[in-house]
Amino acid sequence: MFTPGAMDTLLKQVISQLDRGEGLASQASPRTEQTNGGCAGATQDGGTGSGTGGTKGLQLSPQKILVVLGLLGGVLEVTSVLVDKDQTVQFVLSGTLKRPTRLDKMMNEIGKMPFDDVLKTVLDRLS
């Protein structure tokens, strides 16, 4: 989706805007939960973060930065959005870091072809 250079530039722009307090309205949600792979009990307190030393921007943890980059880079996709009776919202994300190889791409193409065509081609190559 994005090239690595574009991702680095975008990340630097986002971090600089967050440090200055621009780009996002600071809305603290009363209750934010993150689930890690759909496992229950993996909750963390969300919100805007409390800056120490008088800094104004959002304090993003490395996990939050990786999730944002994963979504922007197309590595992660939202599988489902869950809303319970207490209006707690949970986003279930899934993705893989494995990139398809040339062989994977060829096998996908071969899998779409009729079996008799594939078998005839293989037999023609052997003779």
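Up top is the structure.
Report on the accompanying structure. (Residues numbered from 1 in each chain as written. Predicted model: local features only at pLDDT ≥ 70, side-chain atom pairs only at ≥ 80, totals over all residues. Heavy atoms only, no water.)

### Observations regarding the overall build of the protein
Heads up, the rule is: In DSSP terms, a helix is any run of H or I states spanning at least four residues, a strand is any run of E spanning at least two, and both are numbered starting from the N terminus. Under the scheme applied here, a residue whose accessible area is under 20% of the maximum for its type counts as buried, over 50% as exposed, and between as partly exposed, the area being computed with a 1.4 Å probe on protein chains only. We call two residues contacting when some pair of their heavy atoms lies within 4.5 Å. Each accessible area value is a Shrake-Rupley result obtained with a 1.4 Å probe; residue values ignore everything except the protein chains displayed when judging cover.
Per the secondary structure count, the protein includes four helices and two strands. The secondary structure elements of the protein, listed N-terminal to C-terminal, are α-α-β-β-α-α. Taking all 127 residues of the protein together, the buried fraction comes to 5%. Across the protein, the fraction of contacts at a sequence separation of at least 24, relative to all contacts at a separation of at least 6, is 33%. Counting every atom, the protein has about 10500 Å² of accessible surface; 58% of that belongs to carbon and sulfur.

### Section: the pairing of strand β1 (residues 76-83)
To be explicit about the condition: Pairing between strands is defined by DSSP: at least two bridges between them are needed.
Strand direction decides the pairing type here: β1 and strand β2 (residues 89-95), joined by seven bridges, are antiparallel. When the sheet's bridge partners are listed, Leu-76 is paired in β2 with Gly-95. Counting the residues between successive antiparallel strands, the hairpin from β1 to β2 contains five residues, one of them, Gln-87, with a positive phi of roughly 60°.

### Topic: unusual backbone geometry
A positive phi angle, near 60°, is found at Gln-87, a position not held by glycine. Within the secondary structure, Gln-87 sits in the loop between β1 and β2.

### Looking at the environment of Gln-17
Along the chain, Gln-17 turns up in helix α1 (residues 4-20). Residue Gln-17 is classed as partly exposed on the basis of its relative accessible area, which comes to 35%. In sequence terms Gln-17 and Leu-58 are 41 residues apart; their C-alpha atoms lie 9.5 Å from each other.

### Quick word on helix α2 (residues 62-73)
Short version of the rule: Multiplying 1.5 Å by the helix residue count minus one yields the expected span of that helix.
A rise of 1.5 Å per residue sets the reference length of α2, with its twelve residues, at 16 Å; its end C-alpha atoms lie 16 Å apart and thus fit the reference within 8%. The positive-phi residue at the C-terminal boundary of α2 is Gly-74, with phi of around 85°.

### A look at a nonpolar patch on the surface
We count it as follows: Patch membership requires more than 30% relative accessible area and the absence of a salt bridge. Residues of like charge join within 9 Å; the nonpolar side chains Val, Leu, Ile, Met, Phe, Trp and Tyr join within 5 Å. Salt bridge, as used here: a side-chain nitrogen of Lys or Arg that lies within 4 Å of a carboxyl oxygen of Asp or Glu.
A surface patch of nonpolar side chains, amounting to about 560 Å² of accessible area, comprises Val-67, Leu-71, Val-78, Val-81, Val-83, Val-89 and Phe-91. Mapped by element, the contributors of at least two residues to the nonpolar patch are α2, β1 and β2. Counting residues per element, the nonpolar patch draws most heavily on β1, at three residues. Within the fold, Val-89 resides in strand β2. The class for Val-89 is partly exposed, based on a relative accessible area of 35%.

### Side note on the pattern of salt bridges
A complete count under the given rule lists one salt bridge for this structure. Asp-104 is the salt-bridge partner of Lys-98, the closest N and O atoms lying 4.0 Å from each other. The class of Asp-104 is partly exposed, set by a relative accessible area of 28%.

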